[in-house]
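Examination of the molecular architecture
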Amino acid sequence: MRTNRCAGARWLAVVTALAVLASTTACSGDRPPGGGPADPYHTDAVRYGLAPQPHPDVTYQPDVVLVGGGGAAVRSVTDDGLTWRIDPDAERAGDLAPGKVMFLTSRAVGRVVDVRRDGGDLAVTIGPVELTEVIRDGTFRTAAPVPLDRPIAYSAGTPSWVAADLPPEPTPSGGTGGGTSGTDTGAPSSGGPGADTGGGPGAETGGGPAGGDPPGEVAGRTGGGAPIGRTRLVPVRAPASAPRPPAPPARVANQQSAQAGALKLTTECCSEGVTARFEHDDGEIRMTGSVTLLLKKPTATFDLAISGGTVTRAEFSVTGGAGLRVAVKAATSVGNTRNLARSVVVPTQFSIPIGTILGVPFSATVDQLLEIKTAFSAKDGRLDAAGEYALSGAIGYGYHRPYWGPIQPGGFQVRNSLTNSITGISIGASGLLVTYDVKFTVGIGALGFTAGVYVALRASVGASLGSGAGLIVCRGAGLGVHMRYGVSYSIPKVVADVVNFFLKVFRTKPIRQRGELGDEVVVLKRAETVPPNVPLCVV
């Protein structure tokens, strides 16, 4: 009897211990060892990202510090994504120092340029890093295509790198034109012989034309009151002492609004495409429109191998390509005395969590850049245009050191001709240009500083209308599409300039505009004209 009571007591103790263990596991099951939620849609993870975890099949670089706590250890981050305020008591936070690489979450990762106590916080300022500066050895791949749905919208507010003016260029009548694009559209000029469309493949956003024209100078002539060519961005200088407020809260959403000066933006992503809607009205120039990279239930796959700090294999593709749609309206009351020429790094990033692969928290992100330009040569002008084009298939690439193989979209078709839709009123020639850059990345990091495998499409759409004062009114349009791809990060020059100016305070090495590996190809270059098909209109 006593033996049975002892056996029963032991059995009760075992059951109780198991119950306590199960309860403990259930309570901490959403937080892996080292802290931080495992669910990418947990409140902390949505706001600041997932925490990395050590894994026996991954070797980090020796100067990488895996800080514990994940998003729960983050107090705030500045809107430019550079300074993270974290819990000073977080595991290994005390190991952070300039020159180290902080890896706290999938978004809080970068080279430390400054670390200091500020009240009850540890303020850590970081710069971009390449993926191989974080990981020395590891092989990562998606087990199945990742649907690009249920994105998390991250807004950068209005940091100093959001918008920049493109330098004006003189029109034949002595005023200023509408700036130039970074990509040749092939659009015919509205001004007849002597107009030059300039541009060309390979020109980077804000990076100037290939071959290195001096800053502010254009490769090619201008004419016809509707110049379309290439140029560099006007240098941007933001005081390092300027206020740097915290970034707005992230949220699970497929739409986000933003403001860049007089330009209002609304962006959408991703199940049916990536869209940027814009509206500008400064009392003299009005411009509204939208541009969409059409997609049908897009998915992403990637395969990445890093050995000894070198990328030996990289494969990345985004499926679901369907085409391009653009609609724009512009009007002016001042004519060629001033035209609009703006380059806007859309301050919203859409991020789709992939989860941890061998302990590394990867995400698929979508970034956008928009350039809008007008070229009116007379007062009280107006120009409207809209069109839609089909592009089918996947975009991406394969890299097996040292060989590259791009995956380009095909099946180009004109659904609605931009040229046929061009209407307007002006006694002088007029033109407009919209350039839209959509970049897909799978990697780690925040905003424009995401490091990983990437592919981007850059589409430039131009429209021109001849003077309504003549007997013949010329209409023309052009479409140029480029695809760039690579490994590590690639950021617009305006962002790199502002960030480097800020980092001068810490006397740190300037960041580069892009990482080591990458290439670019021309996908499409098309020009259209409409009757009358006469020499004056066709150049």
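Residues numbered from 1 in each chain as written. Predicted model: local features only at pLDDT ≥ 70, side-chain atom pairs only at ≥ 80, totals over all residues. Heavy atoms only, no water.

A word on the nonpolar core. Among the nonpolar cores identified, the biggest contains 85 residues, and Val134, Phe316 and Phe440 are the most heavily contacted of them. At nine residues, the largest contribution of residues to this core is made by strand β16 (residues 285–307). Formed by 19 residues, the second largest nonpolar core is a distinct cluster that contains Val67, Ile86, Leu104 and Leu122. (Core = buried A, V, L, I, M, F, W, Y, C linked by side-chain atoms within 4.5 Å. Buried < 20%, exposed > 50% of the residue type's maximum accessible area, 1.4 Å probe, protein only. Helix = DSSP H or I, 4+ residues; strand = E, 2+ residues; numbered from the N terminus.)

It is worth spelling out the confidence of the model for the protein chain at this point. Residues with a pLDDT of 70 or more make up 69% of the protein chain, whose mean pLDDT is 77. A low-confidence stretch, residues 1–33 stays under pLDDT 50, and its non-local contacts, those more than four residues away or across chains, total 15 contacts. (pLDDT = per-residue confidence, 0-100. Contact = heavy atoms within 4.5 Å.)

Turning next to the packing of aromatic side chains. Taken as a whole, this structure holds nine aromatic pairs when the rule is applied. On the numbers, 6.1 Å between centres and 75° between planes, the contact of Tyr60 with Phe103 is edge-to-face. Placement of the pair is Tyr60 in strand β1 (residues 59–60) and Phe103 in strand β5 (residues 101–103), with a sequence separation of 43 residues. Summarising the burial analysis for this pair, Tyr60 and Phe103 share the class buried. Grouped by ring-pair contacts, the aromatic residues Tyr397, Tyr399, Trp404 and Tyr485 constitute a single cluster. Sitting over the ring of Tyr41, Arg150 keeps its end group 3.8 Å from the ring centre. (Phe/Tyr/Trp six-rings, centres within 6.5 Å; stacked < 30°, edge-to-face > 60°. Lys NZ or Arg CZ within 6 Å of the ring centre and 35° of its normal.)

Moving on, we get to the sheet that holds strand β6 (residues 109–118). Taken together, the six strands give an open sheet; going across it, the order is β2-β5-β6-β7-β4-β3, and neighbouring strands pair in mixed fashion. Of all the strands in the sheet, the pair left with one neighbour each is β2 (64–66) and β3 (74–77). The average undirected angle you get between the axes of adjacent strands in this sheet is 40°. Taken together, the four bridges between strand β4 (residues 83–86) and strand β7 (residues 121–127) define a ladder with antiparallel strand orientation. When the bridges of β7 are listed, Ile86 appears paired with Leu122. (Pairing = 2+ DSSP bridges. Axes fitted to C-alpha atoms, helices over the stretch in contact; angles between N-to-C directions.)

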